[in-house]
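Observations on chain architecture
Listed below are the residues making up each chain.
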Amino acid sequence: EFSDCLITWDDGHLYGGKRWGYLFEFDPEREAILQIEPRIPSLAGRQIYNRVDSMTLDQASRKIYGGGTADGILFAFDPGEKRIISLGKPTSQPRTRAITVGRDGKVYGMAGRNGGAAHLFRYDPATGDLRDLGIPLAHSDQYWHGYEFDSMVIGKSGEIYMGESDRISHLFIYYPPF
C-alpha cells in the first residue's frame, strides 16, 4: 500500500492514508505501521472507494485536517486521541484535492472531480462554518476559470498559492480577507 500524502509529527511519528478510508500511523520506535480506527468519513456504503486525498497540519490546534476521494468529505483527526471527526461536505462533488491552513486559522481547500471546475472552500474551526467560496477565476487580460487543483500552500503574507494540475495548468493566488 502507499499514501498520496504524509504528515510528520513532532515525536517522529508519521501519518498517512491507506485504502478503504483508513489512516495509519508509523511508530519509529517500534518500527511498526498501526492502522487507526475509525475510517475517514464517506457516504454510507462507499467506504471501500474512499482514500485520503489531501491532509494538512494545523500547528495551533495540533489537528490534522483532510478530505477523502470518494465523496470529498472534510475531516479533522486528533493524533493524541486517535479520533476522526466529520466536518461536512463542502460541495456536491467528490474529492478534496488540496488543503491548507491559512494565517487566519481557517482551513482552505479545493474540492472537485477530475475534468470539472474546482471549488475553493473554507472551514472556520472557531465557528464550525463550512462554506463553498466558488470556482476560482483569474481577472487578467484573459479570464481564466480554475479547473483541477492538486496543491495549495500559504505565502509569507498569508496569500494562498493554488496550483492547477490539468493539461493547461496555471498558478492562482488567493488573498483571504483578514
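Reading guide: rules and limits
- Residues numbered from 1 in each chain as written.
- Predicted model: local features only at pLDDT ≥ 70, side-chain atom pairs only at ≥ 80, totals over all residues.
- Heavy atoms only, no water.
- Patch = residues over 30% accessible without salt bridge, like charges linked within 9 Å, V, L, I, M, F, W, Y side chains within 5 Å.
- Areas by Shrake-Rupley, 256 points an atom, 1.4 Å probe, with all protein chains shown as cover.
- Salt bridge = Lys/Arg side-chain N within 4 Å of Asp/Glu carboxyl O.
- Helix = DSSP H or I, 4+ residues; strand = E, 2+ residues; numbered from the N terminus.
- Buried < 20%, exposed > 50% of the residue type's maximum accessible area, 1.4 Å probe, protein only.
- Pairing = 2+ DSSP bridges.
- Axes fitted to C-alpha atoms, helices over the stretch in contact; angles between N-to-C directions.
- Core = buried A, V, L, I, M, F, W, Y, C linked by side-chain atoms within 4.5 Å.
- Contact = heavy atoms within 4.5 Å.

1. Section: a nonpolar patch on the surface
Together, Trp20, Ile48 and Tyr49 make up an exposed nonpolar region whose accessible area comes to about 350 Å². Mapping Ile48 onto the fold places it in the loop between strand E4 (32-36) and strand E5 (52-58).

2. Side note on the pattern of salt bridges
Overall, the coordinates contain ten salt bridges when judged by the stated rule. Arg131 is the salt-bridge partner of Asp129, the closest N and O atoms lying 2.9 Å from each other. Given a relative accessible area of 24%, Asp129 falls into the partly exposed group. Judged by its relative accessible area of 42%, Arg131 is partly exposed. When salt bridges with common partners are traced through the structure, they connect Asp53, Arg95, Arg97, Glu148 and Asp150 into a single cluster.

3. Concerning the sheet that holds strand E9 (residues 96-101)
Read across the sheet, four strands follow the order E9-E10-E11-E12 without closing on themselves; strand pairing throughout is antiparallel. The open sheet terminates on both sides in strands that have one partner only, identified here as E9 and strand E12 (129-134). Direction aside, the axes of adjacent strands within the sheet are offset by 20 degrees on average. Pairing between strand E11 (residues 119-124) and E12: five bridges, direction antiparallel. Paired with Arg122 across the two strands is Arg131, which belongs to E12.

4. As for unusual backbone geometry
Going from Glu37 to Pro38, the amide bond is cis rather than trans, its omega being -5 degrees. As for its position among the elements, Pro38 is in the loop between E4 and E5. Positive phi values are uncommon outside glycine, yet Trp20 reaches one of about 60 degrees. Classification of Trp20 by relative accessible area gives partly exposed; the value is 38%. The phi torsion at Lys82 lies on the positive side, around 55 degrees, for a residue other than glycine.

5. Examining the nonpolar core
Ranked by internal contacts, the top residues of the largest apolar core, which has 14 residues, are Leu23, Met55, Ile64 and Phe77. Sorting the residues of this core by element identifies E5 and strand E7 (74-78) as the ones contributing at least two each. In terms of residue count, the dominant contributor to this core is E5 (three residues). Apart from residues lying up to four places away in sequence, Phe77 is in contact with Tyr15, Leu23, Ile36, Lys63, Ile64, Lys82, Arg83 and Ile84. Within the second largest apolar cluster, eleven residues are counted, among which are Ala98, Met110, Met152 and Ile160.

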